[in-house]
Amino acid sequence: MRVWAWMLVACAGSDPAADRVAFRDLDCARIVDVGLRDDCVVYAVRADPAASARCGEVTSPVMRDECWFSAVDAAELTGADAMRGCMTAGRFDEACRGNAVSREISRLPPMPEAQLAYQIERIQAFYRRPRREVPDLVRRRIAAVGEGAPEAAPAP
C-alpha cells in the first residue's frame, strides 16, 4: 500500500507542459519544477524591476544572487541605490558595481580628457572600484563619445 501511495505522489509531480506555459506567462508560482521556478522569477524581475522583492522566493543561492543583480541592472540604478542593491547580489556584487559605474559614465556629458578622468575617478571611488581602471575607462569613453568643451564655471 505504501508503494502505491509513493507512486501517486511521484506521478503528481511536475507537468513540463504546464510549467512551460506558466514560465511563458511569468506566472512563476504555478511552476512545480524548482529550478525552472527560480529561472522564472529572475526573468520576471528582469521584465519588471519593481518585482525585485520576489528575489527572496528564489531557492538556489546562486540564482538568488543573480536575481538581485538583475534587479539592479533592470532598474538601471546608480549611486546609493545601486550600492544598496549590489550588496544583496552576493557573488555578483563586484560585477553589479561595475555595471553601475558604466551607467554613470555613460550619462556624463562630453568633456575634456582631464575633466573626464577626474569624474571617472570620483565615480570609481564611490563604487570602491580599482583606480587602475580609470585610464582605460577614459580612453574608451573618449573613443565612444569624443571630447567636449570645458564646462563653464558655475555662476556665483
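The structure contained in this document is the topic of the report that follows. (Residues numbered from 1 in each chain as written. Predicted model: local features only at pLDDT ≥ 70, side-chain atom pairs only at ≥ 80, totals over all residues. Heavy atoms only, no water.)

Across the interface, helix 3 (residues 34-47) lies against helix 4 (residues 61-74) with an axial gap of 8 Å and an inter-helix angle of 10°. Put simply, helix 3 runs roughly parallel to helix 4. Packed against helix 3, whose contacting residues are Asp-38, Asp-39, Val-41, Val-42, Val-45 and Arg-46, the element helix 4 presents Met-63, Glu-66, Cys-67, Ser-70, Ala-71 and Ala-74 at the interface. Residues that form the contact of helix 3 with helix 4 fall into these classes: 7 nonpolar, 1 polar and 4 charged. (Axes fitted to C-alpha atoms, helices over the stretch in contact; angles between N-to-C directions. Helix = DSSP H or I, 4+ residues; strand = E, 2+ residues; numbered from the N terminus. Parallel < 35°, antiparallel > 145°, perpendicular 65-115°, else oblique. Contact = heavy atoms within 4.5 Å. Nonpolar A, V, L, I, M, F, W, Y, C, P; charged D, E, K, R; others polar.)

Between helix 4 and helix 6 (residues 93-106), the shortest axis-to-axis distance is 10 Å and the interhelical angle comes to 5°. In terms of orientation, helix 4 and helix 6 fall into the roughly parallel class. Taken together, the residues of helix 6 that come into contact with helix 4 (itself represented by Phe-69, Val-72 and Asp-73) are Ala-95, Cys-96, Asn-99 and Arg-103. In the contact of helix 4 with helix 6, the residues fall into 4 nonpolar, 1 polar and 2 charged.

Take the environment of Gly-146 next. Its location among the elements puts Gly-146 in the segment after helix 8 (134-145). When its relative accessible area of 24% is taken as the criterion, Gly-146 is described as partly exposed. Taking the C-alpha atoms as reference, Gly-146 lies 9.1 Å from Glu-113; in sequence the two are 33 residues apart. Apart from residues lying up to four places away in sequence, Gly-146 is in contact with Pro-110 and Arg-141. (Buried < 20%, exposed > 50% of the residue type's maximum accessible area, 1.4 Å probe, protein only.)

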